[in-house]
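Okay, here's what each chain looks like letter by letter:
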Amino acid sequence: ITTALATDVTFTGGAGVENIKIGATTKTIDLGAGNDIVTISTTTFAAGGSLNGGAGNDTLVVAIAGGSNIAGLPHITGFETLRLDGAATGTHNAHTFKALEIGGTAVATTFTNVAAGVGLTVISAPAGGTTVTLANAAGTADVFDLTLKGTVDGVLAAGSVTLNGIETINVASLDKDASTANTNTLIVASDAAKSLVVTGDAGLDLTAGAGTSIATLTSFDASAVKGAVTFTSGNNNIEYMV
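Quick summary incoming for the structure in this document.

## Description of the overall build of the protein
Okay, so step 1: Within the protein, the secondary structure is distributed over 0 helices and 23 strands.
Okay, so step 2: Here the protein has a C-alpha radius of gyration of 19 Å; the compact-globule value for 242 residues is 18 Å, and the two agree.
Okay, so step 3: For the protein, the spread of C-alpha atoms along the principal axes amounts to about 60 × 45 × 30 Å.
Okay, so step 4: Burial statistics for the protein: of 242 residues in total, 48% are counted as buried.
Okay, so step 5: Restricting the contact set of the protein to residue pairs at least 6 apart, pairs at least 24 apart contribute 40%.
Okay, so step 6: Carbon and sulfur atoms make up 53% of the accessible area of the protein, which amounts to about 10,400 Å² in all.
Okay, so step 7: Averaging the positions of the 8 positive and the 19 negative side-chain charges in the protein gives two centres separated by 5 Å.

This is the structure we're talking about:
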């Protein structure tokens, strides 16, 4: 279903995968089992409206300008992945979500209150930068997994991703179609990263645009990448593994 359901339409999913869009619904939307995807244009539903992702690994796509706070809303439950896409702007509270995704947003966006162990996947080129803020970045051994995995074949321009307060950043650069060699592009910013590790079956260019230059970085490991990796460090004391 590619257009948004009317606000007075009840939807009950089954065991398969559903992909729907809703607005200020007045009805019960229950996706049931399956890894379902729901795009919402507002978190303020009309009287009687509710949304439940149900069983499975469900994705809530937030296309809301001005930020959002899903955590604690009694009428939106049962979602594991938070994706920002389309009209999404501002700061979005990622508390309780187990995975993050960023799509074709038009301007800069921020995920806040991100729990330890929760990673970010870039699925299509965002026009603005992406910032991830941990709920607790006070530790000295924080690890963050960043995955570049486009939904279509070709080079994925992942834009700039800011990961402050994180000591180890793992980047997986993946190719949608293994028969065609692609090199994704990415800029990483961090005020604490000491180790940057790149893996995957696609190349990675970290010099596009402003380029990646992390003053605190002491180790760069691209030994497990199948494609070519381009990186220039501003730190002369860095250790390279390629």
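Here the narrative resumes.
## Let's talk about the nonpolar core
Okay, so step 1: Grouped together as the largest cluster of nonpolar side chains are 54 residues, with contacts concentrated most on Ile40, Leu51, Leu60 and Leu186.
Okay, so step 2: Apart from the residues within four sequence positions on either side, Ile40 is in contact with Ile22, Leu51, Leu60, Val61, Val62, Ala63, Ile64, Ile70 and Ile76.

## Points about the environment of Thr151
Okay, so step 1: Relative to the helices and strands, Thr151 resides in the loop between strand E15 (143-148) and strand E16 (157-162).
Okay, so step 2: The sequence separation of Thr151 and Gly203 amounts to 52 residues, and the corresponding C-alpha distance is 17 Å.
Okay, so step 3: With near-sequence residues (within four places) excluded, Thr151 lies in contact with Ile123 and Lys176.

## Examining the sheet that holds strand E21 (residues 219-225)
Okay, so step 1: Across the sheet, 11 strands lie side by side as E2-E4-E6-E9-E11-E13-E15-E17-E19-E21-E23; this open sheet has parallel pairing. Both outer strands of the open sheet, strand E2 (19-22) and strand E23 (239-241), are each paired with one neighbouring strand and no more. Direction aside, neighbouring strands of the sheet carry axes that sit 15° apart on average.

What counts and how
- Residues numbered from 1 in each chain as written.
- Predicted model: local features only at pLDDT ≥ 70, side-chain atom pairs only at ≥ 80, totals over all residues.
- Heavy atoms only, no water.
- Helix = DSSP H or I, 4+ residues; strand = E, 2+ residues; numbered from the N terminus.
- Rg over C-alpha atoms; globule rule 2.2 N^0.38 Å.
- Buried < 20%, exposed > 50% of the residue type's maximum accessible area, 1.4 Å probe, protein only.
- Contact = heavy atoms within 4.5 Å.
- Areas by Shrake-Rupley, 256 points an atom, 1.4 Å probe, with all protein chains shown as cover.
- Lys, Arg positive; Asp, Glu negative; His and termini not counted.
- Charge placed at Lys NZ, Arg CZ, Asp CG, Glu CD.
- Core = buried A, V, L, I, M, F, W, Y, C linked by side-chain atoms within 4.5 Å.
- Pairing = 2+ DSSP bridges.
- Axes fitted to C-alpha atoms, helices over the stretch in contact; angles between N-to-C directions.

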